[in-house]
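The lines below spell out each chain.
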Amino acid sequence: MRCIIISGSPNVDINFIKKTVKSDDYIICADKGCIYASRSDLTPNLVVSDFDSCGKKIFHDCETIVLNPHKDDTDTMHSIDIAIERGYDEIAILGAIGGRFDHTFANVSALQYISLKGAKGYLLSPDEHIEYLSVGDYKFSGYNGKTFSLFPFGCSDVCVSYTGVEYPLDKYSLTSSVPMGVSNIFMSDISTINIYDGNAILIINLKECL
């Protein structure tokens, strides 16, 4: 069960939204995401908004949750909570990268929150796939030739192994103070990342290739 959340970054590719959203996805628009959904000829299942960025209601015939603009959480975080409450175990967030760095960082941080709630979350744009990795073994297929970076997140260091990449690692500790995890390359149809201790943010650069 996948939920798509369309957020309000100024850097949004409408064609990418059209290509990414599938007919069986549950669509939540977070505030300005309504504008992007409308431009993409999509009707959301739910609108979550304080209407401070969107300005006015665009969709009048779908469920709408109106938020107080004086609140602690962003519209996107409210949307995430609702998606989790409604049982969605995969949450893809579009329109969440670019523009104000603090908003982008908040959306990256939300990936850890989604994981702690027992679901899988990722941020998607035409250029990047960003996800949070906790302790575990991960396989990645279809990224041969793509550049990726991995950094500790919410911790001082992360112990990792890589296989099927240009610069393999074997139980190596990447620290938060030295960004050695930048710009590796997937070199196989199936590559693996193993996290033994700590947590990480993985950034796959979708448009870069060998």
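Computed from a prediction, not measured in an experiment: that's the story for all the values here.

Undergrad: Got a minute to help me understand the nonpolar core in this structure?
TA: For soluble globular proteins, the rule of thumb is that nonpolar side chains tend to be buried together. Residues Ile5, Ile28, Ile80, Ile91, Ile93, Leu123 and Ile201 are the most contacted members of the largest nonpolar core, which totals 29 residues. Of all the secondary-structure elements, those providing two or more residues to this core are β1 (2–6), β2 (26–30), β3 (46–49), α3 (75–85), β5 (90–94), α4 (101–116), β7 (128–133) and β14 (200–205). With 5 residues, the single largest contributor to this core is α3. What Ile5 contacts, discounting residues up to four positions off in sequence, is Ile28, Ala30, Ser79, Ile80, Ile91, Ala92, Ile93 and Leu94.

Undergrad: What exactly am I supposed to notice about the environment of Cys34 here?
TA: With respect to the helices and strands, Cys34 occurs in helix α2 (residues 33–39). In this structure Cys34 comes out as buried when scored by relative accessible area, which is 2%. Put simply, Cys34 and Ile6 are 28 residues apart on the chain and 7.6 Å apart in space, counted from C-alpha to C-alpha.

Undergrad: In this structure, what is going on with the pattern of salt bridges? I would like to understand it.
TA: When the charged atoms of two side chains with opposite charge come close together, those side chains can pair. Applying the stated criterion across every chain, the model contains 6 salt bridges. The partner of Asp41 in a salt bridge is Lys18, with the nearest N and O atoms 3.9 Å apart. Separated by 23 residues along the polypeptide, Asp41 in the loop between α2 and β3 and Lys18 in helix α1 (residues 14–20) bring together distant segments of the chain. Overall, the relative accessible area of 40% leaves Lys18 in the partly exposed class. The salt bridge involving Glu131 is made with Lys120; its shortest N-O contact spans 2.7 Å. Taken together, the residues span a long stretch of sequence, with Glu131 in strand β7 and Lys120 in strand β6 (residues 120–124) at a distance of 11 residues.

Undergrad: Looking at this structure, how should I read the sheet that holds strand β9 (residues 147–152)?
TA: Each strand in a sheet pairs with its neighbour through backbone hydrogen bonds, running either in the same direction (parallel) or in the opposite one (antiparallel). Pairing is mixed across the open sheet formed by 10 strands, whose spatial order is β4-β3-β2-β1-β5-β6-β7-β14-β9-β12. Strands with a single pairing partner mark the edges of an open sheet, and in this sheet they are β4 (63–66) and β12 (184–185). In terms of strand pairing, β5 meets β6 through 5 bridges, oriented parallel. Paired with Glu90 across the bridge in β6 is Lys120. Strands in contact with α3 are β1, β2, β3, β4 and β5; relative to β3, the strand with the most contacts, it is inclined by about 140°. Sheet strands touched by α4: β5, β6, β7 and β14. Its angle to β6, the strand with the most contacts, is close to 160°.

Undergrad: Even after reading the chapter, I still don't get the environment of Ala110, so can you show me in this structure?
TA: Considering the arrangement of structural elements, one finds Ala110 in helix α4. For Ala110, a relative accessible area of 4% corresponds to the buried category. A C-alpha to C-alpha distance of 21 Å links Ala110 and Gly181, two positions 71 residues apart in sequence.

Calculation rules
- Residues numbered from 1 in each chain as written.
- Predicted model: local features only at pLDDT ≥ 70, side-chain atom pairs only at ≥ 80, totals over all residues.
- Heavy atoms only, no water.
- Core = buried A, V, L, I, M, F, W, Y, C linked by side-chain atoms within 4.5 Å.
- Buried < 20%, exposed > 50% of the residue type's maximum accessible area, 1.4 Å probe, protein only.
- Helix = DSSP H or I, 4+ residues; strand = E, 2+ residues; numbered from the N terminus.
- Contact = heavy atoms within 4.5 Å.
- Salt bridge = Lys/Arg side-chain N within 4 Å of Asp/Glu carboxyl O.
- Pairing = 2+ DSSP bridges.
- Axes fitted to C-alpha atoms, helices over the stretch in contact; angles between N-to-C directions.

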